[in-house]
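Listed below are the residues making up each chain.
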Amino acid sequence: MQLPTTFNDLIEEANQLDLYKKLIQQLNKDLLLANIDLDFHEEILPTSLKLMLHETIYKLIQEKFTEYLNLLYIIDVSEKQVKALDGDDMVKLAEEVSFLILKREWQKVWYKNKFN
């Protein structure tokens, strides 16, 4: 599996394979498991998804760091990838972590679809 390198590539691939709703469902499932009060509507526009997830991750980093780490653990985002990011700019960091989360969720959805 070749992972998308940009948010737009990820959304485009999800739409092409008709898996965008499954991506949202998987994200909602993991957010619920992590006790994060955020639930995306399955018809959410990709731009809104990106913005709301980014804002939520930013708030978690700033105000609820333990919950943020728990979310990354539940979603199974690579610790190595997170540590490789530049932590000086919190806004940019939150954006990049949001993309890592979406990529990991996309992997789960893609594999479930391919092997079920």
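Basis of the calculations
- Residues numbered from 1 in each chain as written.
- Predicted model: local features only at pLDDT ≥ 70, side-chain atom pairs only at ≥ 80, totals over all residues.
- Heavy atoms only, no water.
- Core = buried A, V, L, I, M, F, W, Y, C linked by side-chain atoms within 4.5 Å.
- Buried < 20%, exposed > 50% of the residue type's maximum accessible area, 1.4 Å probe, protein only.
- Helix = DSSP H or I, 4+ residues; strand = E, 2+ residues; numbered from the N terminus.
- Contact = heavy atoms within 4.5 Å.
- Axes fitted to C-alpha atoms, helices over the stretch in contact; angles between N-to-C directions.
- Parallel < 35°, antiparallel > 145°, perpendicular 65-115°, else oblique.
- Left-handed = near helix turned anticlockwise from the far one by under 90°.

Asks: Just to check I follow, could you spell out the nonpolar core for this structure?
Replies: Grouped together as the largest cluster of nonpolar side chains are 36 residues, with contacts concentrated most on Phe40, Ile57, Leu71 and Ile101. At the level of secondary structure, the elements contributing two or more residues to this core comprise α1 (7-16), α2 (20-33), α3 (46-63), α4 (65-75) and α6 (90-115). Among the elements that take part in this core, α6 stands out by supplying ten residues, more than any other. Setting aside anything within four residues of it in sequence, one finds phenylalanine 40 in contact with Ile24, Leu27, Asn28, Leu31, Leu49, Met52 and Leu53.

Asks: Is there a simple way to explain the packing of α2 against α3 in this structure?
Replies: Helix-helix packing is described using two parameters, namely the angle between the two axes and the distance between the axes. Two numbers describe how α2 lies on α3: the axes approach to 13 Å, and their chain directions differ by 20 degrees. With respect to α3, the element α2 is oriented roughly parallel. Between α2 and α3 the crossing geometry is left-handed. Together, Tyr20, Ile24 and Leu27 of α2 and Pro46, Leu49 and Leu53 of α3 make up the contact between the two elements.

Asks: I tried to follow unusual backbone geometry on my own but got confused; where do I start?
Replies: Backbone phi values are negative for most residues with the exception of glycine, while trans is the configuration of most peptide bonds. Of note in this structure, aspartate 18 is not a glycine but carries a positive phi near 60 degrees. Tracing the backbone shows aspartate 18 in the loop between α1 and α2. Residues other than glycine seldom take positive phi values, yet asparagine 35 does so here, at roughly 60 degrees. Counting through the fold element by element, asparagine 35 comes out in the loop between α2 and α3. Looking at asparagine 35, the relative accessible area reads 72%, which means it is exposed.

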